Amino acid sequence: MAHSDINFWAPVTFRDNRTLIDVGHRSGGSGDLELARFFITSEGLEGPPEVAPSYEPSELGQHSVMRSPSVRMYLHQPFGPRELVAHGPAGAWAYGLSSDYDLTAQTSLGPVPISRPVVGPPLSERERVAAGEQMDSQANRAGLRARDLPFNIPDRKTPVRAIFYDSSGNLWVERQVPDGEPRVADVWTPDGELTREIRWPADVNLNLPGWVGSTSALGIRTDPLGVQYVVRIEF
């Protein structure tokens, strides 16, 4: 490994037949952790790593409070924005924020914009209750009241839920859907063309560690008891 981030999950991908891409966090110039993509051949590291963009905590719905002079706690807005990164075949990768359907795919031909005017669906009553319980729990751990937290429960989910690549190098942008409805993703070609929309059961996760092909996929289904199963889906 080119880094010490042994617990970080990322797909095994190659830039060509001889260059493995090793993904993990490292300490940046300012001392903060940054996500980097290292290129490794049989001779060792090759060239400088690619570094994913960094975002301000406020862009990620993240805030911190000092619980004591030496303890800092991090609080996260329920259903708030998240950082999105996906790694695909032939060295392609994509990144952005879930708060906007405005992503960038890095390909061998350069950056490709991936964008649609999509608005996230409203939270259901069940989701609002769950968000309230999460805020109460965070406030209790931080020694605060929920009303004193630096964020509220949003009215809507973010537009994007996840991004991932299939085995052919197409980028899947999974959109947020109303509570309980089937999952849905837009499929984009490596050159930025939107080709189709795929739907699948709400309780199946196709993101990592799932695998997605051109006509079928292996995903993870979790039952009400928390037991996970590998399931196969055909499109």
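Going by the structure above, here's the rest.
Please read all numbers here as calculations on a predicted model, not as lab measurements.

Colleague: Looking at this structure, I do not really get the side chain of E174. What am I missing?
Modeller: Within the secondary structure, E174 sits in strand β13 (residues 171-175). Looking at E174, its side chain comes within polar contact range of the side chain of R183, at 3.3 Å. Discounting residues that sit within four places of it in the chain, E174 has contacts with V160, R161, A162, F164, R183, V184, A185 and W200.

Colleague: Whenever I open this one, the pattern of salt bridges confuses me. Can you help?
Modeller: Pairing between side chains of opposite charge can happen when their charged atoms approach one another. With the rule as written, the count across this model stands at 17 salt bridges. Here R18 ties to E46 by a salt bridge, and the two come within 3.2 Å at their closest N and O atoms. A residue pair is termed long-range when its members are at least 10 positions apart, and R18 in the loop between β1 (13-14) and β2 (20-27) and E46 in the loop between β4 (44-45) and β5 (50-51) qualify at 28 residues. Using a relative accessible area of 25% as the deciding quantity, one classes E46 as partly exposed. Between E197 and R175 there is a salt bridge, with its nearest N and O atoms 3.4 Å apart. Here E197, found in strand β15 (residues 194-200), pairs with R175, found in strand β13; they are 22 residues apart in sequence, far enough to count as distant. Accessibility expressed as a relative area gives 41% for E197, which makes it partly exposed. The class for R175 is buried, based on a relative accessible area of 14%. Through salt bridges with shared partners, a single ionic network connects R116, R175, D186, E197 and R199.

Colleague: Just checking my understanding: could you explain the sheet that holds strand β11 (residues 110-115) for this structure?
Modeller: The antiparallel open sheet is built from 4 strands, whose spatial order is β8-β9-β10-β11. This sheet does not close on itself; its edge strands, each paired only once, are β8 (83-87) and β11. Recorded for the sheet is a direction-independent mean angle of 20° between the axes of neighbouring strands. The sheet contact formed by strand β9 (residues 93-97) and strand β10 (residues 102-107) spans 3 bridges and is antiparallel. The partner of W93 across the bridge, within β10, is Q106.

Colleague: Mind showing me how you'd approach the environment of H63 here?
Modeller: Position of H63 among the secondary structure elements: in strand β6 (residues 62-68). Along the primary structure H63 and P78 are separated by 15 residues, whereas in three dimensions their C-alpha atoms are 12 Å apart. Among all residues touching H63, those that are not within four sequence positions of it are M73, Y74, L75, P150 and F151.

Colleague: Can you help me understand the sheet that holds β13 in this one?
Modeller: Two orientations exist for strands paired in a sheet by backbone hydrogen bonds: parallel and antiparallel. One open sheet accounts for 4 strands, arranged β12-β13-β14-β15; its pairing is antiparallel. One side of each edge strand has no neighbouring strand; the edge strands of this open sheet are β12 (160-165) and β15. Ignoring strand direction, the axes of neighbouring strands in this sheet form an average angle of 25°. Relative to β15, strand β14 (residues 183-188) is paired through 6 bridges, and the arrangement is antiparallel. Paired with V184 across the two strands is R199, which belongs to β15.

Here is what the cut-offs are and how they apply
Every chain's residues receive numbers from 1 upward, in the order its sequence appears when written. Reporting of local features is limited, given that this is a predicted model, to residues whose pLDDT is at least 70; pairs of side-chain atoms are given and counted only at 80 or more, and all residues count toward the totals for whole chains, interfaces and linings. By convention in this description, side-chain values take in all heavy atoms of the structure and omit both hydrogens and water. Runs of E in the DSSP output that reach at least two residues are strands. Runs of H or I that reach at least four are helices, and both are numbered from the N terminus. Contacts described as polar in this section are N or O atom pairs within 3.5 Å, which, within protein, must combine one atom able to donate a hydrogen with one able to accept it, while residues neighboring in sequence count only if both atoms come from side chains. Contacts are residue-level and defined by heavy atoms, with any inter-residue pair within 4.5 Å sufficient. Counted as salt bridges are all cases of a side-chain nitrogen of Lys or Arg within 4 Å of a carboxyl oxygen of Asp or Glu. Think of it in three bands: residues with accessible area under 20% of the maximum for their type are buried, residues over 50% are exposed, and the middle band is partly exposed, with areas taken using a 1.4 Å probe on protein chains only. Two strands qualify as a pair provided that DSSP identifies no fewer than 2 bridges between them. Convention adopted: a line fitted to C-alpha atoms gives each axis, helices being fitted over their contacting stretch, and angles between N-to-C directions are expressed from 0 to 180 degrees.

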